[in-house]
Amino acid sequence: AQRVTQPEKLLSVFKGAPVELKCNYSYSGSPELFWYVQYSRQRLQLLLRHISRESIKGFTADLNKGETSFHLKKPFAQEEDSAMYYCALSGSGGSYIPTFGRGTSLIVHP
Amino acid sequence: NAGVTQTPKFRILKIGQSMTLQCTQDMNHNYMYWYRQDPGMGLKLIYYSVGAGITDKGEVPNGYNVSRSTTEDFPLRLELAAPSQTSVYFCASSYPGRTEAFFGQGTRLTVV
């Protein structure tokens, strides 16, 4: 079985502060990890995926297989980063169907 | 390119009523999914389909039914609405494999 854990329901920071949204996963094979974002009154959309190893809107995430983590980081938070963030995992073989964490609401105060 | 389109956006149902949430995509994706989003619980998979004529249960299928007669459409049916089905429902689609899922705008359903 595959599982994604996001321990924080809410993360509140001030503009310019560093941000780290935690994601841990449980999967016996080789996973594909994603971060999705949902801005207010918008649909969920892909923010980044670990295989692409790119920075999107200043966010990065590194897959740590030893710690089974895929934390999302940004050095300087902006007010427009306020949103709901979901970590998701796709397995291999017959387990392609994405499994999502419960989400972390990020609020960036001015 | 419309992507994934869900209708309706909002609906209030009385206990015991039935309804169908519509979902259509124009990206020729084989895979389609229905999730429900509850506060603090994240996205739970209700049903999914890997192609026309093929559907399978997800984590929380009770009280729901689906069909997939075409590649484009994946409607979700609630037969006897219950208050526990009050939620936001998302339809999504993707290519086969471990690829990005594209989401609809969601349907906010309240059962009273």
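Above: the structure in question.
Here is what the cut-offs are and how they apply
Numbering of residues begins from 1 in every chain and follows the order in which that chain's sequence is written. Chains and ligands are labelled sequentially in the order written, the chains with letters from A and the ligands with numbers from 1. Whole-chain, interface and lining totals are the exception, using all residues; otherwise, since this is a predicted model, local features are given only for residues with pLDDT of at least 70 and side-chain atom pairs are given and counted only at 80 or more. Where side-chain values are given, they derive from all heavy atoms of the structure, hydrogens and water being excluded. Secondary structure elements follow DSSP: runs of H or I no shorter than four residues count as helices, runs of E no shorter than two count as strands, and numbering proceeds from the N terminus. Only C-alpha atoms enter the radius of gyration, while the globule expectation follows 2.2 Å times N to the 0.38, with N the number of residues. The cut-offs for exposure are 20% and 50% of the maximum accessible area for each residue type, with area from a 1.4 Å probe on protein chains only; residues under the lower value are buried, those over the upper are exposed, and the others partly exposed. Only heavy atoms matter for contacts: two residues are in contact if any of them lie within 4.5 Å across the pair. For Phe, Tyr and Trp, rings pair up if their centres lie within 6.5 Å, where Trp contributes its six-membered ring, and each pair is then called stacked (planes under 30 degrees apart), edge-to-face (over 60) or tilted (otherwise). For a lysine, the NZ atom is tested; for an arginine, the CZ atom; a charge sits over a ring if that atom is within 6 Å of the ring centre and within 35 degrees of the ring normal. Two cysteine sulfurs form what is called a disulfide whenever their separation falls within 2.5 Å. Take the buried Ala, Val, Leu, Ile, Met, Phe, Trp, Tyr and Cys residues and link them wherever side-chain atoms come within 4.5 Å; each set so joined is a nonpolar core. One requirement defines pairing of two strands: DSSP has to find at least two bridges between them.

A. Region of the structure containing the overall build of chain A. In terms of helices and strands, chain A carries zero helices and eleven strands. Rg of the C-alpha trace for chain A: 13 Å, near the compact-globule value of 13 Å for 110 residues, within the 12% margin. Structurally, chain A occupies a C-alpha span of about 45 × 30 × 25 Å along its principal axes. Residues counted as buried form 45% of the 110 residues belonging to chain A. For chain A, restricting intrachain contacts to residue pairs at least 6 apart in sequence, the fraction spanning at least 24 positions comes to 59%.

B. Highlighting the packing of aromatic side chains. Tallied over the entire structure, the rule returns twelve aromatic pairs over all chains. Look at A:Tyr86 and A:Phe100: their rings are 6.4 Å apart centre to centre, the planes differ by 85°, and that puts the pair in the edge-to-face class. One end of the pair, A:Tyr86, is in strand E9 (residues 83-90); the other, A:Phe100, is in strand E10 (residues 99-100), and 14 residues separate them in sequence. Pairwise contacts between aromatic rings join A:Phe34, A:Tyr36, A:Tyr86, A:Phe100, B:Tyr31, B:Tyr33, B:Tyr35, B:Phe90 and B:Phe103 into one cluster. Sitting over the face of the ring of B:Phe74, B:Arg68 holds its NZ or CZ atom 6.0 Å from the ring centroid.

C. Region of interest: unusual backbone geometry. For the peptide bond that leads from B:Thr7 to B:Pro8, omega is -5°, which places it in the cis range. Structurally, B:Pro8 can be placed in the loop between strand E1 (4-7) and strand E2 (10-13). Even without glycine at this site, A:Thr68 takes up a positive phi of about 45°. Tracing the sequence through the fold places A:Thr68 in the loop between strand E7 (60-61) and strand E8 (72-74).

D. Examining the state of the cysteines more closely. All names here are of chain B. This structure, assessed with the given rule, holds two disulfides over all chains. Paired through a disulfide, Cys-23 and Cys-91 show a sulfur-sulfur distance of 1.8 Å. In this structure, the disulfide formed by Cys-23 and Cys-91 twists by about -70° around the S-S bond and is classed as left-handed. Of this pair, Cys-23 sits in strand E3 (residues 19-25) while Cys-91 sits in strand E9 (residues 87-94); the two residues are 68 residues apart in sequence, bridging distant segments of the chain. For Cys-23, a relative accessible area of 2% translates into the label buried. For Cys-91, a relative accessible area of 0% puts it in the buried group.

E. Region of interest: the environment of A:Ser69. Here A:Ser69 shows up in the loop between E7 and E8. With 36 residues separating them in the primary sequence, A:Ser69 and A:Ser105 have C-alpha atoms 18 Å apart.

F. Here's a closer look at the nonpolar core. The biggest cluster of nonpolar side chains holds 25 residues, and the ones touching the most others in it are A:Trp35, A:Leu72 and A:Tyr85. Those elements that provide at least two residues to this core are strand E2 (10-14), strand E3 (19-21), strand E5 (32-38), strand E6 (45-49), E9 and strand E11 (104-109) of chain A. If you tally residues by element for this core, the top one is E9(A), at four residues. Each residue touching A:Leu72, except ones within four places of it in the same chain, is listed here: A:Val19, A:Glu20, A:Leu21, A:Trp35, A:Leu47, A:Leu48, A:Phe59, A:Thr60, A:Ala61 and A:Tyr85. Among the nonpolar cores identified, the runner-up in size contains 20 residues, and B:Leu13, B:Cys23, B:Leu76 and B:Cys91 belong to it.

G. Here's a closer look at the pairing of strand E11 (residues 107-111) of chain B. Residues and elements named next belong to chain B. Residues Thr-107, Leu-109 and Val-111 point to one face of E11 and are all buried, whereas Arg-108 and Thr-110, pointing to the other face, are not buried. Across four bridges, the pairing between E2 and E11 is parallel. Looking at E11, one finds that Arg-11 is bridged to Leu-109. Judged from the three bridges that link them, E9 and E11 form a sheet pairing that is antiparallel.

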